[in-house]
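Residues per chain are reported as follows:
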Amino acid sequence: MPVKLPYRVVHASGQDDAHRVSELNYHSPLTKGWQSSRYCLYPQDIVIQLDSRSRLRKVQVLSHQFLIATKVEFFVGDVPDGVTVTLDNARYTRLGYVSLSDNEKTGFKARELKSVQVDAVGVFLKLNIHKNHINKFNLYNQVGIIAVNVIGDPVRSPLDHLNDMNFYEDDKKRKAMENDPSLEGLFNRPDYISPLDDLAFDMYQDPEIAQLIRRLEKKKQEAVIQERYDYAKKLKHTIQELQKVGEKLGKYEVEKRQAVEDEDYDKAKLKKVQMDEYRLQVYKDLNVNDLLETTGSRHPQPVFLESVRQPTPPRLMELSETPSPPRSSPPPRTPYDDRPLPAIRNPQKSPSSPPPVIPYEERPLPIHNKDLAQPATPPPKTPYDERVIPTYRNKPTVTEEPIDQPLEESNAGITGEPEPMSEKEMREASSAIDVFGEPLVSKAYSKTWSYREDALLAVYKQMQELSTSTSKDEAKTMMRASIFLIKRAIEDKVYAVFKAALNLLKMILTEYCQKHKIPRQDTMFVVERTLPSLFHKSGDTAQRNRDDAKSFIVEMANFPEVKPTHVVPHECVKPFKLTMGQRLAQSRCEIVEMLYNDFKLTSGLTLDSVMHFNTNALEHNNNQVREVAERMIKELYRDQGPEVKEYLPADDEKTRKNTLWRQLFEYFDKVDGKPSKTDIKKQKAEEEAKKQAEIETLQKQLKTLKDMASGKQPLDESIVNEQPKKSTRKAENKPKLKQLQPKQPATKGEEDEVSVYNIDNICIFCGERNESFTEEGLDLHYWKNCPMLKRCANCKQVVEIASYTDHLLSECESKATYSRCSRCTEAIPKSEYDQHVADKACNAAKPSMNHCPLCHQNISAGEDGWKDHLMGKDGCKQNPRRLLALNKQPPQGGKTTTTTANRGKTKPLAKKKAK
């Protein structure tokens, strides 16, 4: 039977001064491990020498959490017969390699354990460690190995048994098997590896407790041979409790070491006392001295336990120093076969004994009476190959995964038979056993992941090699039996087994069904039976398991034999319960989204089914689930249009108070090319405020002008000559100006003076007065003739030429397509902006002058400069309305005059949309 092989490191190509290679010679929770030197050359080599020539069965390597190598190669070295066993004489054979994860998914807080099954004979084992994964914590490009474990069988010569005590122990077992052949299955297991020899056990356990567990395990095997089953049961229970104690003590030891490194000696002393008292209490409660039976008698005697850890004195000395009567022998004790299970004694139930002193409140008891009162068998533990190894310093959750890539050029794998199936398992798998046989199915039920993977590979091979001449009924029976094993494997925690199940299911749906002409009804049976397991796997905690499950479901929906059945889309769009977990619900939504991207509203997907699924998902309490559903609804609206709104609440103010619905409806408005209601409300509020301010200013100025016209107020030249306010408000909103008449008759001079301020029928921009300038006449003048205005080429609104650049940059509907040139200050289309700036051919604007956006020339400053340039005889050549204004004849029935008296900020600019 393979055992843990002792070894020592004899060579290393490099090492860090604080993490030397000698650390690999010991396994404990305090092991720091080996690290390469800083900025070393790769690959790095480590060679370990076994105590004797051995047959290697299993090699385990525990990697550092962030000093991670990309690849580790394994070589076994042997020395020819008759040659001295030295490192120089070794001849190496390559076994293969394993790749290590970059550990980004765990945040560099977990350590990866690689367990490799090998079959090779030698004295040396060489590890060839390749370059490191790059991450932010590995500052010096180092690699690190925390521990290495080798399991195998020593190769013995015929005369080795003369000096080997283990040979006599094996001989006892052999004789016991001869007397009772039923024991052969218990001891004659050439490929069985004890969990106590696994690296996980040593990295978890306190060294002293680990040694004690091994001694008790040996006693348990002897008790089975001697048929002392009650005693073996007590030993089994004690071992289970000690494993929990060992893990806790290992954690305390790490905390104590950390306190010493931090120079917190009070805390270190506290932890030391806590560990000592906890250890003694456990030994007393479990009656460890009696269970060991070191005297060889069936009546337990007090014994001394030798401590494994050198700095710590023996723990049980005081337990064995109980005084005995000087002249009388101790009373006979009850044999262990008849004694009850050891349990922690409850002092409260014995009034004569004083209550025990618990020095620390945080110190938990390792055993609880309520657990011991239940005679039921404890639940099965996770196999040691699948247990995790924590990094105590960083306190992470550690995951161990089997090797993702098999060793190259090696005899990797496990030989022998798996553990037998229980009666319940045989009843459960009876249909599969009838088709594939019990040996294969027992592998699928094995606790060893490689057996489970081998079982699926064997089923794959059998089904692929099944002859086409086989009857259809037999082919269907084999397919249904394989589905039972596939469902079990999909739920497997080991990634390699899960992938093997997916490969087998893919082969059945793409090759097997076509080859044997399986009816569509049976194909639907396969899909319907496996989909629930795949859905459940899509909510797995491991990201790659979730991704593979989702991708396979979508891929399965596209299989030629599955696509016509529409089973996958139909099952996927069924609304789920709102109490479903976040990962599972999010994965389901992502699957539907992927199916819609592939099929749109075909192959079983309808707008009704997809929208019912999405509206249900929008009610989930997790934000990530709602985001996926919202994304799907937006995509549906882009493709299908307003029909989507029929499945949503009414678009009203009450609904839009909800943020989710408001964002959806605003997105719909954006897709339809309409401004959102939020933007409309904001724009209306700004326009109302601006309109009110202009009205108030205008009313104030009108009142002043009326007072001046009626003679109530003296003439104020600053009011008369005030420059007009630049505005782009629409013509419909401008206030009407009434005819100003003097209240009393005036002289001829006064009449002329008053007529100057008669501001009705006057264009406030160019100063032209015409009796036809009613409200509609002014709008027509603004729209076609006023030389101070022009129509915007983008939004068709009438704006002042003086403010045309500002309009394009801040008010126009196409303002997002313009940028201001820092040289000429004009609005340049963004498509031409880079070339415009690079050419530097524009006329630079001057701070003290106006710049015309039509002819691009610098003109005189002030309002008069604009009027002379836009209306004068020698004005802007690019203003077509200038010539019309100069050549305009007085309209029939009306008298046209030009005045500037009323040119002021009393009339807003008319903005009119093109009709």
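Residues numbered from 1 in each chain as written. Predicted model: local features only at pLDDT ≥ 70, side-chain atom pairs only at ≥ 80, totals over all residues. Heavy atoms only, no water.

The chain has the name Centrosomal protein of 104 kDa in an unreviewed UniProt entry, where Potamilus streckersoni is given as its organism. Listed in UniProt under the heading Subunit (unreviewed entry), the comment for the chain reads: "Interacts with CCP110 and CEP97. Interacts with ARMC9, TOGARAM1, CCDC66 and CSPP1." What UniProt states about the chain under its Function (unreviewed entry) heading is, verbatim, "Required for ciliogenesis and for structural integrity at the ciliary tip." (UniProt positions renumbered as here; feature names shortened; annotations may be inferred.)

## A short note on the overall build of the chain
Counting its secondary structure elements, the chain contains 31 helices and 16 strands. Going through the 915 residues of the chain one by one, you find that 46% of them count as buried. Of all intrachain contacts in the chain linking residues separated by at least 6 positions in sequence, the fraction that spans at least 24 positions is 68%. Carbon and sulfur atoms make up 50% of the accessible area of the chain, which amounts to about 49,000 Å² in all. (Helix = DSSP H or I, 4+ residues; strand = E, 2+ residues; numbered from the N terminus. Buried < 20%, exposed > 50% of the residue type's maximum accessible area, 1.4 Å probe, protein only. Contact = heavy atoms within 4.5 Å. Areas by Shrake-Rupley, 256 points an atom, 1.4 Å probe, with all protein chains shown as cover.)

## Some thoughts on the packing of helix α4 (residues 207-225) against helix α5 (residues 229-261)
Between α4 and α5, the shortest axis-to-axis distance is 9 Å and the interhelical angle comes to 165°. The orientation of α4 with respect to α5, classified from their angle, is roughly antiparallel. Our pair here, α4 against α5, has a crossing hand that is left-handed. Residue-level inspection shows Ile209, Leu212, Ile213, Leu216, Glu217, Lys219, Lys220, Ala223 and Val224 of α4 in contact with α5, the latter providing Tyr229, Tyr231, Ala232, Leu235, Lys236, Thr238, Ile239, Leu242, Gln243, Val245, Gly246 and Leu249. (Axes fitted to C-alpha atoms, helices over the stretch in contact; angles between N-to-C directions. Parallel < 35°, antiparallel > 145°, perpendicular 65-115°, else oblique. Left-handed = near helix turned anticlockwise from the far one by under 90°.)

## Thoughts on a negative patch on the surface
A contiguous patch of negative charge, built from Asp262, Glu263, Asp264 and Asp266, is present on the exposed surface. Topologically, aspartate 262 is positioned in the loop between α5 and α6 (265-286). (Patch = residues over 30% accessible without salt bridge, like charges linked within 9 Å, V, L, I, M, F, W, Y side chains within 5 Å. Salt bridge = Lys/Arg side-chain N within 4 Å of Asp/Glu carboxyl O. Lys, Arg positive; Asp, Glu negative; His and termini not counted. Charge placed at Lys NZ, Arg CZ, Asp CG, Glu CD.)

## Section: helix α15 (residues 495-515)
Under the 1.5 Å per step criterion, the end-to-end length of α15 is 29 Å for 21 residues, consistent within 8% with the ideal 30 Å. Of all the bends in α15, the greatest measures close to 40° and is centred on isoleucine 508. In terms of burial, α15 is a largely internal element, 15 of the 21 residues being buried. Phi turns positive, to about 55°, at lysine 517, one or two residues after α15. (Expected span 1.5 Å × (residues − 1). Bend = angle between axes of the 7 residues up to and from the residue.)

## Here's the deal with the environment of alanine 444
Relative to the elements of secondary structure, alanine 444 occurs in helix α12 (residues 438-444). Residue alanine 444 is classed as buried on the basis of its relative accessible area of 12%. Along the sequence, alanine 444 and leucine 456 sit 12 residues apart, while their C-alpha atoms lie 7.3 Å from each other. If sequence neighbours within four positions are ignored, alanine 444 has contacts with Arg452, Ala455, Leu485 and Arg488.

## Re the side chain of arginine 881
Its place among the elements puts arginine 881 in helix α31 (residues 880-887). Although arginine 881 is buried, it forms no salt bridge, and the closest oppositely charged side chain is glutamate 768 at an N-O distance of 10 Å. In terms of polar contacts, arginine 881 uses its side chain to reach the backbone carbonyl oxygen of cysteine 786, at 3.0 Å. A polar atom in the side chain of arginine 881 sits 3.4 Å from the backbone oxygen of leucine 789. (Polar contact = N/O pair within 3.5 Å; in protein donor to acceptor, adjacent residues only side chain to side chain.)

## Comments concerning the nonpolar core
Of all hydrophobic cores here, the largest spans 88 residues; its most connected members are Val441, Met463, Ile508, Tyr512, Met556, Val568 and Leu595. Broken down by element, the residue count for this core peaks at 14 residues, all from α15. Not counting residues up to four positions away in its chain, the partners in contact with methionine 463 are Met478, Met479, Ser482, Leu504, Met507, Ile508 and Tyr512. (Core = buried A, V, L, I, M, F, W, Y, C linked by side-chain atoms within 4.5 Å.)

## Thoughts on unusual backbone geometry
Note the cis peptide between tyrosine 42 and proline 43, where omega equals 5°. Within the secondary structure, proline 43 is located in the loop between β3 (34-35) and β4 (44-63). Phi angles above zero are rare outside glycine, and tyrosine 39 is one such case at about 50°. Residue placement: tyrosine 39 occurs in the loop between β3 and β4.

## As for the pattern of salt bridges
When charged atoms on two side chains of opposite charge get close, those side chains can pair. Within this structure, the stated rule accounts for 31 salt bridges. A salt bridge links arginine 53 to aspartate 78; the shortest N-O distance between them is 2.9 Å. Remark: aspartate 78 occurs in strand β5 (residues 71-78) and arginine 53 occurs in strand β4; sequence separation between them is 25 residues. Since its relative accessible area comes to 34%, arginine 53 is described here as partly exposed. Under the relative-accessibility criterion, aspartate 78 is labelled buried at 17%. For arginine 452, the salt bridge is made with aspartate 492, and the minimal N-O distance between the two is 2.6 Å. Here the residue arginine 452 occupies a position in helix α13 (residues 449-464), and aspartate 492 occupies one in the loop between α14 (472-490) and α15, the gap between them amounting to 40 residues. Overlapping salt bridges bring together Lys4, Asp202 and Arg214 as one network.

## Observations regarding the environment of glutamine 521
Looking at the secondary structure, you find glutamine 521 in helix α16 (residues 520-537). Exposure remark for glutamine 521: the relative accessible area of 65% places this residue in the exposed category.

## Description of the confidence of the model for the chain
Parts of the model with low pLDDT should not have their predicted coordinates read in detail. Per-chain confidence: the chain averages 77 in pLDDT, with 74% of residues scoring 70 or above. For the stretch residues 723-758, pLDDT sits under 50, and the model shows 78 contacts to residues farther than four places along the chain or on other chains. The low-confidence segment residues 889-915 (pLDDT under 50) makes 101 contacts with residues lying over four places distant or belonging to another chain. (pLDDT = per-residue confidence, 0-100.)

## A word on the side chain of glutamine 586
Following the sequence through the fold, glutamine 586 ends up in helix α19 (residues 582-599). Residue class for glutamine 586 comes out buried when judged on its relative accessible area of 18%. Only 2.5 Å separates the side chain of glutamine 586 from the side chain of glutamine 582, close enough to count as a polar contact. Not counting the four nearest positions on each side in its chain, glutamine 586 is found in contact with Gln624, Val625 and Val628.

## Section: the packing of aromatic side chains
Tallied over the full model, the rule gives 9 aromatic pairs. Look at tyrosine 252 and tyrosine 278: their rings are 6.3 Å apart centre to centre, the planes differ by 65°, and that puts the pair in the edge-to-face class. Note that tyrosine 252 is positioned in helix α5 and tyrosine 278 in helix α6, a separation of 26 residues in sequence. Assessed through its relative accessible area of 1%, tyrosine 278 is described here as buried. A centroid spacing of 6.2 Å and a plane angle of 80° characterise the contact between phenylalanine 552 and phenylalanine 559, whose relative ring orientation is edge-to-face. Linked through ring pairs, Phe66, Phe108 and Phe137 together constitute an aromatic cluster. One residue, lysine 126, lies across the ring of phenylalanine 75, its end atom 5.1 Å from the ring centre. (Phe/Tyr/Trp six-rings, centres within 6.5 Å; stacked < 30°, edge-to-face > 60°. Lys NZ or Arg CZ within 6 Å of the ring centre and 35° of its normal.)

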